[in-house]
Amino acid sequence: MIKTLLTCSMLAAASLLTFTSCASSVGLGGAGSSAFASTTITNTSRARVDAAILQGFREEGFSLINQSAHGFNFQKWGGTSAQVVYGSWFSDGVAAEPQIQVVDIGGGNYTVLCDVYMREHNGSELMDANYKLLANGKLAYNSLLRKIKKQAEGK
């Protein structure tokens, strides 16, 4: 009986994640891009692009974990449903970790590429189980990148 309840609970959580993550998680790679999400930002400066990326991801609850000349890495801890779908009994939690790359295509134009990984953590160590998202959440990440694009272009 308990095993059946546990199985039903896990299936319900996985279904909930599947149905809600498409609408509530943060796109769709552009033509010629294999990135999970991408956008092209025009007629602006790199400083405005960077500022818009930082603001947009922070407003969505992500923390900056690394910044380089080429982009950003963010992190946001998942809840129980993320743990059920992407985690194991041995981890302390699962985090969504978007990796953002900013490519200067010239003339004040930039392509922003976003790949998202679900990563298991155990204490301060990153565990081996990493899942690159391929479908879940594309709509929400596209929406976030559109918002970043508008802000960076001053619209």
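You'll find the structure just up there.
Keep in mind that what you see is a predicted model, and the values were worked out from it rather than measured.

Rules used throughout
- Residues numbered from 1 in each chain as written.
- Predicted model: local features only at pLDDT ≥ 70, side-chain atom pairs only at ≥ 80, totals over all residues.
- Heavy atoms only, no water.
- Phe/Tyr/Trp six-rings, centres within 6.5 Å; stacked < 30°, edge-to-face > 60°.
- Helix = DSSP H or I, 4+ residues; strand = E, 2+ residues; numbered from the N terminus.
- Buried < 20%, exposed > 50% of the residue type's maximum accessible area, 1.4 Å probe, protein only.
- Pairing = 2+ DSSP bridges.
- Salt bridge = Lys/Arg side-chain N within 4 Å of Asp/Glu carboxyl O.
- Expected span 1.5 Å × (residues − 1).
- Contact = heavy atoms within 4.5 Å.

### Section: the packing of aromatic side chains
Part 1: Summed over the entire model, instances satisfying the criterion amount to five aromatic pairs.
Part 2: Taking 4.5 Å as the distance between ring centres and 10 degrees as the angle between the ring planes, the aromatic pair formed by phenylalanine 57 and phenylalanine 74 counts as stacked. Of this pair, phenylalanine 57 sits in helix α2 (residues 46-59) while phenylalanine 74 sits in strand β3 (residues 71-77), placing them 17 residues apart in sequence. An identical accessibility class is assigned to phenylalanine 57 and phenylalanine 74; each is buried.
Part 3: For the pair phenylalanine 72 and phenylalanine 74, a centre-to-centre distance of 5.9 Å together with 25 degrees between the ring planes defines the contact as stacked.

### Focus: the pairing of strand β2 (residues 63-67)
Part 1: As paired elements, β2 and β3 share four bridges and run antiparallel to each other. Opposite leucine 64, over in β3, you have phenylalanine 74 as the bridge partner.
Part 2: Linking β2 back to β3 in an antiparallel pair, the connection comprises three residues.

### Focus on the pattern of salt bridges
Part 1: Going through the model one piece at a time under the given rule, you end up with six salt bridges.
Part 2: Linking lysine 147 and glutamate 59 is a salt bridge whose minimum nitrogen-to-oxygen distance equals 2.7 Å. In this pair, lysine 147 is assigned in helix α4 (residues 138-153) and glutamate 59 in helix α2, connecting sequence segments 88 residues apart.
Part 3: Residue class for lysine 147 comes out partly exposed when judged on its relative accessible area of 36%.
Part 4: Between glutamate 153 and lysine 149 there is a salt bridge whose closest N-O contact spans 2.9 Å. Highlighted residues: glutamate 153 and lysine 149, both in helix α4, separated by four residues, approximately one helical turn.
Part 5: Classification of lysine 149 by relative accessible area gives partly exposed; the value is 24%.
Part 6: Bridged by salt links that share partners, the residues Lys149, Glu153 and Lys155 form one connected network.

### A look at α2
Think of an α-helix as 3.6 residues a turn; residues three or four steps apart then line up on the same face.
Part 1: Helix length check: α2, at 14 residues, gives a terminal C-alpha distance of 20 Å against a target of 20 Å (1.5 Å per residue), a fit within 8%.
Part 2: Along α2, the residues classified as buried are Val49, Asp50, Ala52, Ile53, Leu54, Gly56 and Phe57.
Part 3: Residues of α2 that are buried sit in contact with β1 (37-41), β2, β3, β4 (93-106), β5 (109-122) and α4.
Part 4: Of the residues trailing α2, glycine 61 is marked for its positive phi of about 90 degrees.

### A closer look at the environment of histidine 70
Part 1: When you line up the elements, histidine 70 lands in the loop between β2 and β3.
Part 2: Distance from histidine 70 to isoleucine 100, taken between C-alpha atoms, is 8.3 Å for residues 30 residues apart in sequence.
Part 3: Discounting chain neighbours no more than four positions away, the residues touching histidine 70 are Arg46, Ile100, Gln101 and Val102.

Scope: geometric values only; no functional claims are made or implied.
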